[in-house]
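Survey of secondary and tertiary structure
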Amino acid sequence: MNELVSFFHQTEGIECLTPEQTVACISCFMNDEEDWKTAKRAGISIPLAEQCRKDLWNAFLFRKQKLSHAL
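None of the values given here were measured: they were computed from a predicted structure. (Residues numbered from 1 in each chain as written. Predicted model: local features only at pLDDT ≥ 70, side-chain atom pairs only at ≥ 80, totals over all residues. Heavy atoms only, no water.)

Remarks on helix H2 (residues 19-30)
- Between its first and last C-alpha atoms H2 spans 16 Å; for twelve residues at 1.5 Å apiece the expected length is 16 Å, and the two agree.
- Every buried residue belonging to H2 is among Gln 21, Ala 24, Cys 25, Cys 28 and Phe 29, and all of these are buried. Taken around the axis of H2, the buried residues stretch over an arc of 135°, which confines them to a single face. Of the residues in H2, the exposed ones pointing more than 90 degrees away from the buried face are Pro 19, Glu 20, Val 23 and Met 30.
- Elements in contact with the buried residues of H2: helix H3 (35-42) and helix H4 (46-70).
- Asp 32 occupies a position one or two residues after H2 and carries a positive phi of about 55°. (Helix = DSSP H or I, 4+ residues; strand = E, 2+ residues; numbered from the N terminus. Expected span 1.5 Å × (residues − 1). Buried < 20%, exposed > 50% of the residue type's maximum accessible area, 1.4 Å probe, protein only. Arc of directions from axis to C-beta. Contact = heavy atoms within 4.5 Å.)

Okay, structure coming up:
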């Protein structure tokens with residue numbers, strides 16, 4: 001978990017959301033919904049929804065990379 005804290009060092013994106021907005025973004029991300037739908041469901045702007053999607057992709061790719069090196 002500590003690596004994710006240092007992994008997100010932006011002031012815009014997933015780290016600036018409320019817990020409810022984060023859950024909405026993760027749900028939309030997992031359902032492969034478009035950014036405008038994510039923005040609407042989470043009550044955020046479309047550019048912020050785009051950034052959150054990128055942040056989530058980066059987090060999943062980072063974790064996948066860490067796990068692949070552990071094997």
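Quick notes on the nonpolar core
- Residues Ile 14, Leu 17, Ala 24, Cys 25, Phe 29, Ala 39, Ala 42, Ile 44, Leu 48, Ala 49, Cys 52 and Leu 56 constitute the largest nonpolar core, which totals twelve residues.
- Per element, the largest residue contribution to this core is four residues, and it comes from H4.
- Apart from residues no more than four positions distant in its own chain, Ile 44 is found in contact with Leu 17, Gln 21, Cys 25, Ala 39 and Ala 49. (Core = buried A, V, L, I, M, F, W, Y, C linked by side-chain atoms within 4.5 Å.)

Structural notes on the environment of Cys 16
- As for its position among the elements, Cys 16 is in the loop between helix H1 (2-7) and H2.
- Given a relative accessible area of 37%, Cys 16 falls into the partly exposed group.
- Along the sequence, Cys 16 and Leu 48 sit 32 residues apart, while their C-alpha atoms lie 9.6 Å from each other.

Notes on the pattern of salt bridges
- This model, assessed by the stated rule, comprises two salt bridges.
- Linking Glu 33 and Arg 41 is a salt bridge whose minimum nitrogen-to-oxygen distance equals 3.3 Å.
- Overall, the relative accessible area of 21% leaves Glu 33 in the partly exposed class.
- Given a relative accessible area of 46%, Arg 41 falls into the partly exposed group.
- A salt bridge links Arg 53 to Asp 35, with the shortest nitrogen-to-oxygen separation between them at 2.9 Å. In this pair, Arg 53 is assigned in helix H4 and Asp 35 in helix H3, connecting sequence segments 18 residues apart.
- Taking relative accessible area as the criterion, Arg 53 reaches 31% and is therefore assigned partly exposed.
- The class of Asp 35 is buried, set by a relative accessible area of 14%. (Salt bridge = Lys/Arg side-chain N within 4 Å of Asp/Glu carboxyl O.)

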